[in-house]
Amino acid sequence: MIEVEHVSRTFGTFRAVDDISFSIQTGEIVGLLGPNGAGKTTTMRMITGFLNPSAGKISVDGLDVTEHSVETKRKIGYMPESAPLYADMIVSDYLEYVAQMDDVDAAERVPHLAEICGLKEVMHKNIGDLSRGNKQRVGLAHALMADPEILILDEPTSGLDPNQVSEVRSLIKKIGETRTVIISTHILSEVEMLCNRVIIISAGKKVADSPTEALRSQYATGESVSLLVGNCDAESLRTALKSLAGVADATTEDCDGKVQAVVSMEPGEDVRPDVARLVLTHNWDLYNMECRKNSLEDVFRALTTGGETK
C-alpha cells in the first residue's frame, strides 16, 4: 500500500506539488492525470524515492521512502517517459546486465520477461535499432526485473503508433492483474480502458480522486445531441435549435455541404424528439443524430481549467 500524506515539493521558490494526500491499495490500477507542469512526474519521483518531499511523508507498506529508501525501492518498478536504455547493447545482454544489478537469476528471469513482454523476436537486436514500441517493452522488462509489487509508468504509450499502443496497453492490463500500477498519461481514453481509479492534479494540488466511473457520473452529468443536417444554412439551424425548450445552447458549423450541430441539453431533458420534429417541419434533411454523455475528457478540462462541464 502507498500512503501520501500532506506532501509538498518546492524547487527554489516554485511549489511543484502543494499539500497532496492520497492512498493506493494493493492491486489497484490508478491513473495519475494533470496538464503539463501539474506535478505528476514530481509526485511519481517522490513515491519512487528519486526526489525527497519538501514537506509531508510518503510510505510504502508502512516504510517511509526517505528513511528506508533501499527497502522501498525494491518494492517499486519505475519506467520514466523516456526509458534510459543503452542503445549500443543487445537486448538480451542489457536485460542480463539489469538482472545482475538487481541481484536476480538472469537465466530464469530474462526468458520469462522476454515472454510476457513480447521481446522473444528481438532479443538478438541492438536496442538502438528497435522500434519505439519495442523500446517501451524493454523499458517495461527493466522495470519488472526485480518482480516489484508496485509498477509506476510515466506516459507508457507516448510516441507509439496505434498498433504499438494497443499492444502496450494489453501488456499493462495483463501486468496489472498481479500488481499495483500507477499510470501517468495524457491519453484519457487510455485511462478509461486501463484504470479503475483516477487522481487528477492541477497546479500542484489534488482536485479529484475517485473511481473512474464515479468521477464521470459525479462531474459529467450533462448530455448533448450531435446531428448532421442538409438543405439548410448554419445560422437558421442554430437559431431554430436554440428556440427549443430544454436546450441550453447550440453550435453549428458547415461540413461538406451540410451543417454539423451540437445541442447542449438542460439537466434531465431529452430534446431529441423535438429536434426531429423541428427538422421535419422545416423540410430539412436529417442524416444523423446521436446523444452522448460528457466524457472523462470533459471532466478533466473542467477540473484543470476552472471551467464547467455541460
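Since we're looking at a predicted model, the values are computed, not measured.

Let us now look at the environment of Asn-126. Locating Asn-126 in the fold gives a position in the loop between helix 4 (106-116) and helix 5 (132-144). Measuring from C-alpha to C-alpha, the distance between Asn-126 and Arg-292 comes to 47 Å, with 166 residues separating the pair along the chain. Non-local contacts of Asn-126, meaning those with residues more than four positions away in its chain, are made with Ala-87, Asp-88, Met-89 and Ile-90.

Our focus in this paragraph is the packing of helix 3 (residues 91-101) against helix 5. Contact geometry of helix 3 with helix 5 gives a least axis separation of 10 Å together with a crossing angle of 20 degrees. Taken together, helix 3 and helix 5 sit at an angle that is classed as roughly parallel. As for how helix 3 packs across helix 5, the hand of that crossing is right-handed. Judged by residue contacts, Val-91, Tyr-94, Leu-95 and Val-98 of helix 3 engage Val-138, Ala-141 and His-142 from helix 5. Broken down by class, the residue content of the contact of helix 3 with helix 5 amounts to six nonpolar, one polar and no charged.

Turning to the sheet that holds strand 14 (residues 285-293), a few remarks are in order. The strand order across the open sheet built from four strands is 12-13-11-14, with neighbouring strands paired in antiparallel fashion. For this open sheet the edge positions go to strand 12 (247-255) and strand 14, each flanked by a neighbour on one side alone. When the angles between neighbouring strand axes are averaged without regard to direction, this sheet yields 15 degrees. Note: strand 11 (residues 223-230) against strand 13 (residues 258-265), six bridges, orientation antiparallel. Its bridge partner being in strand 13, Ser-226 is matched across the sheet by Val-262.

On to the nonpolar core, then. Among the nonpolar cores identified, the biggest contains 45 residues, and Leu-95, Leu-119, Val-138, Leu-151, Leu-153, Ile-183 and Ile-200 are the most heavily contacted of them. Non-local contacts of Leu-151, meaning those with residues more than four positions away in its chain, are made with Gly-77, Leu-140, Ala-143, Leu-144, Ile-175, Thr-180, Val-181 and Ile-182.

This part takes up the pattern of salt bridges. Using the criterion set out here, one finds 16 salt bridges in the structure. One salt bridge in this structure joins Glu-149 and Lys-75, with 3.6 Å as the shortest N-O distance. Of this pair, Glu-149 sits in the loop between helix 5 and strand 7 (150-154) while Lys-75 sits in the loop between helix 2 (69-74) and strand 6 (76-79), and the two are 74 residues apart along the sequence. The exposure class assigned to Glu-149 is partly exposed, which follows from its relative accessible area of 42%. One continuous salt-bridge network, built from bridges that share partners, spans Glu-28, Arg-197, Lys-206 and Asp-209.

Okay, the pairing of strand 13 next. Sheet topology note: the strand 12/strand 13 ladder contains eight bridges and is antiparallel. For Ala-250, the partnering residue across the bridge sits in strand 13 and is Val-263. Turn length for the strand 12-strand 13 hairpin, with the two strands adjacent in sequence and antiparallel, is two residues, and the turn residue Asp-256 shows positive phi of about 50 degrees.

This next bit is on unusual backbone geometry. Non-glycine residue Asp-103 carries a positive phi angle of around 55 degrees. Here Asp-103 is to be found in the loop between helix 3 and helix 4. A positive phi angle, near 60 degrees, is found at Asn-283, a position not held by glycine. Mapped onto the fold, Asn-283 is located in the loop between helix 10 (272-281) and strand 14. Asn-283 sits in the exposed class, given a relative accessible area of 58%.

This paragraph deals with the sheet that holds strand 9 (residues 197-202). With mixed pairing, six strands are arranged side by side in an open sheet as 6-7-8-3-9-10. Only two strands of the sheet have a single partner each, and these edge strands are strand 6 and strand 10 (205-211). Neighbour to neighbour, the strand axes of the sheet diverge by 15 degrees on average, direction disregarded. As paired elements, strand 6 and strand 7 share four bridges and run parallel to each other. Looking across to strand 7, one finds that Gly-77 is bridged to Leu-151.

With that out of the way, let us pick up the packing of aromatic side chains. Under the criterion given, the structure shown has three aromatic pairs. Look at Phe-50 and Tyr-78: their rings are 5.7 Å apart centre to centre, the planes differ by 45 degrees, and that puts the pair in the tilted class. Of this pair, Phe-50 sits in the loop between helix 1 (40-48) and strand 4 (55-60) while Tyr-78 sits in strand 6, placing them 28 residues apart in sequence. The class for Phe-50 is exposed, based on a relative accessible area of 57%. For Tyr-78, a relative accessible area of 17% translates into the label buried.

Glancing now at the environment of Glu-235. On the secondary structure map, Glu-235 appears in helix 9 (residues 234-242). Relative accessible area serves as the criterion here: at 43%, Glu-235 is assigned to the partly exposed category. For Glu-235 and Thr-251, which are 16 residues apart along the polypeptide, the C-alpha to C-alpha distance reads 9.2 Å.

Thresholds applied
Residues numbered from 1 in each chain as written. Predicted model: local features only at pLDDT ≥ 70, side-chain atom pairs only at ≥ 80, totals over all residues. Heavy atoms only, no water. Helix = DSSP H or I, 4+ residues; strand = E, 2+ residues; numbered from the N terminus. Contact = heavy atoms within 4.5 Å. Axes fitted to C-alpha atoms, helices over the stretch in contact; angles between N-to-C directions. Parallel < 35°, antiparallel > 145°, perpendicular 65-115°, else oblique. Left-handed = near helix turned anticlockwise from the far one by under 90°. Nonpolar A, V, L, I, M, F, W, Y, C, P; charged D, E, K, R; others polar. Pairing = 2+ DSSP bridges. Core = buried A, V, L, I, M, F, W, Y, C linked by side-chain atoms within 4.5 Å. Buried < 20%, exposed > 50% of the residue type's maximum accessible area, 1.4 Å probe, protein only. Salt bridge = Lys/Arg side-chain N within 4 Å of Asp/Glu carboxyl O. Phe/Tyr/Trp six-rings, centres within 6.5 Å; stacked < 30°, edge-to-face > 60°.

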